[in-house]
Amino acid sequence: MPGKVADFLRAAEPEPAERTALEKGVPVRRGQGYTLRVSATPAIHRQLLAHCQALDSSAAIPAQRKARREYENRVNTLSH
């Protein structure tokens, strides 16, 4: 998951299972930012994606909207 999404989710007080997945994630440097590699079930990823819907609004900065779209595309490719 993109770092901007991970940072937003940490501040959003996720559920215990989601928080555990975020805490166990491994950050990987990518250019100026980072990607958080999270090993979790597709259901947990979908719950995390639902929590970051606010990043899709016009109030979010463009980089956050793009990060959320990228994460959504990755989650949609996961098997059910």
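To be clear, the structure that these remarks concern was listed above.
Computed from a prediction, not measured in an experiment: that's the story for all the values here. (Residues numbered from 1 in each chain as written. Predicted model: local features only at pLDDT ≥ 70, side-chain atom pairs only at ≥ 80, totals over all residues. Heavy atoms only, no water.)

(A) Just the overall build of the protein chain, in detail. In terms of regular secondary structure, the protein chain is built from four helices and two strands. Secondary structure elements of the protein chain occur, N-terminal to C-terminal, as α-α-β-β-α-α. In summary, the protein chain has a C-alpha radius of gyration of 12 Å against a globular reference of 12 Å for 80 residues, a match within 12%. Across its three principal directions, the C-alpha atoms of the protein chain cover 30 × 25 × 25 Å. For the protein chain, contacts bridging at least 24 residues in sequence account for 57% of all contacts bridging at least 6. In the structure as shown, the protein chain presents an accessible area of about 5,100 Å², 52% of it carried by carbon and sulfur atoms. Placing the 13 positive and 8 negative side-chain charges of the protein chain at their respective mean positions leaves the two points 8 Å apart. (Helix = DSSP H or I, 4+ residues; strand = E, 2+ residues; numbered from the N terminus. Rg over C-alpha atoms; globule rule 2.2 N^0.38 Å. Contact = heavy atoms within 4.5 Å. Areas by Shrake-Rupley, 256 points an atom, 1.4 Å probe, with all protein chains shown as cover. Lys, Arg positive; Asp, Glu negative; His and termini not counted. Charge placed at Lys NZ, Arg CZ, Asp CG, Glu CD.)

(B) Focus on the packing of helix H3 (residues 42-51) against helix H4 (residues 62-76). H4 packs onto H3 with a crossing angle of 155 degrees between their chain directions and a minimal axis gap of 10 Å. Comparing their axes, H4 and H3 come out roughly antiparallel. When you trace H3 past H4, the crossing you get is left-handed. Only Arg68, Tyr71, Glu72 and Val75 of H4 make contact with H3, whose side of the interface consists of His45, Arg46, Leu48 and Leu49. Tallied by class, residues from the contact of H3 with H4 come to four nonpolar, one polar and three charged. (Axes fitted to C-alpha atoms, helices over the stretch in contact; angles between N-to-C directions. Parallel < 35°, antiparallel > 145°, perpendicular 65-115°, else oblique. Left-handed = near helix turned anticlockwise from the far one by under 90°. Nonpolar A, V, L, I, M, F, W, Y, C, P; charged D, E, K, R; others polar.)

(C) Inspection of the pairing of strand E2 (residues 33-37) at higher detail. As paired strands, strand E1 (residues 26-30) and E2 are joined by five bridges and run antiparallel to one another. When the bridges of E2 are listed, Arg30 appears paired with Gly33. Taking the residues between adjacent antiparallel strands as the criterion, E1 and E2 are bridged by two residues, where Gly31 takes a positive phi near 60 degrees. (Pairing = 2+ DSSP bridges.)

(D) Region of interest: the nonpolar core. Grouped together as the largest cluster of nonpolar side chains are 16 residues, with contacts concentrated most on Met1, Val5, Leu9, Leu48, Cys52 and Tyr71. Sorting the residues of this core by element identifies helix H1 (3-11), helix H2 (16-24), H3 and H4 as the ones contributing at least two each. Sequence-distant contacts of Tyr71, defined by excluding residues within four places in its chain, comprise Met1, Pro2, Val5, His45, Leu48, Leu49 and Cys52. (Core = buried A, V, L, I, M, F, W, Y, C linked by side-chain atoms within 4.5 Å. Buried < 20%, exposed > 50% of the residue type's maximum accessible area, 1.4 Å probe, protein only.)

(E) Up close: unusual backbone geometry. Notably, Glu13 is not glycine yet its phi reads approximately 55 degrees, a positive angle. You can see Glu13 is positioned in the loop between H1 and H2.

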